[in-house]
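Reading the structure
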Amino acid sequence: QVQLVESGGGLVQAGDSLSLSCAASGRTFSGYAVGWFRQAPGREREPVAAISWTGSTTYYRSSVKGRFTITRDSAKNAVNLQMNNMKPEDTAVYYCAAKRFLASDLDNLGRYDNWGQGTQVTVSS
């Protein structure tokens with residue numbers, strides 16, 4: 001079991017950038033795949049980006065490819081999501097999730113068993 005805490009959310013203008021961080025406690029992130037998911041009001045929770053437990057493979061949903069980047073920061077025991085050129089449709093609560101030794105199907109939210117509380121991201125036009 002690992003405890004996850006998201007931070008970095010806020011209000012930005014369309015075209016701006018924002019960086020989110022998912023920090024782990026209780027255990028090291030080593031050995032865990034980490035994914036970012038988001039949920040807007042009235043919508044289903046959807047995958048945004050994820051990185052395998054080895055860090056060798058990543059997943060990005062089509063609408064964020066070229067704009068968002070997921071990275072590991074081992075020194076801080078964290079995973080970050082750099083979001084550039086943000087759009088109003090990116091507005092949502094963003095959650096991070098972890099699954100030990102997950103190497104494939106990184107976009108499948110049903111495979112993750114550790115979830116953070118979420119951080120609000122709002123993009124105005």
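So, here's what we can say about the structure. (Residues numbered from 1 in each chain as written. Predicted model: local features only at pLDDT ≥ 70, side-chain atom pairs only at ≥ 80, totals over all residues. Heavy atoms only, no water.)

**Quick notes on the overall build of the chain**
When its secondary structure is counted, the chain shows zero helices and 11 strands. In the chain, the succession of α and β elements from N to C terminus is β-β-β-β-β-β-β-β-β-β-β. For a compact globule of 125 residues, the expected C-alpha radius of gyration is about 14 Å, and the chain comes in at 13 Å, within 12% of that figure. When its C-alpha atoms are laid out on the principal axes, the chain stretches across 40 × 25 × 25 Å. Taking all 125 residues of the chain together, the buried fraction comes to 42%. A fraction of 60% describes how many contacts in the chain between residues 6 or more apart in sequence connect residues 24 or more apart. Accessible surface computed for the chain: about 6100 Å², of which carbon and sulfur atoms make up 46%. Taking the average place of the 13 positive charges on the side chains of the chain and the average place of its 10 negative ones, the gap between the two points comes to 5 Å. (Helix = DSSP H or I, 4+ residues; strand = E, 2+ residues; numbered from the N terminus. Rg over C-alpha atoms; globule rule 2.2 N^0.38 Å. Buried < 20%, exposed > 50% of the residue type's maximum accessible area, 1.4 Å probe, protein only. Contact = heavy atoms within 4.5 Å. Areas by Shrake-Rupley, 256 points an atom, 1.4 Å probe, with all protein chains shown as cover. Lys, Arg positive; Asp, Glu negative; His and termini not counted. Charge placed at Lys NZ, Arg CZ, Asp CG, Glu CD.)

**Structural notes on the pairing of strand β9 (residues 92-100)**
Bridge count for strand β4 (residues 32-39) against β9 is eight bridges, and the pairing is antiparallel. Across the sheet, residue Y32 finds its bridge partner in β9, namely R100. Pairing geometry for β9 and strand β11 (residues 119-124), over three bridges, is antiparallel. Looking across to β11, one finds that V93 is bridged to Q120. Where β9 and strand β10 (residues 114-115) come together, two bridges link them in antiparallel fashion. Across the sheet, residue A97 finds its bridge partner in β10, namely W115. (Pairing = 2+ DSSP bridges.)

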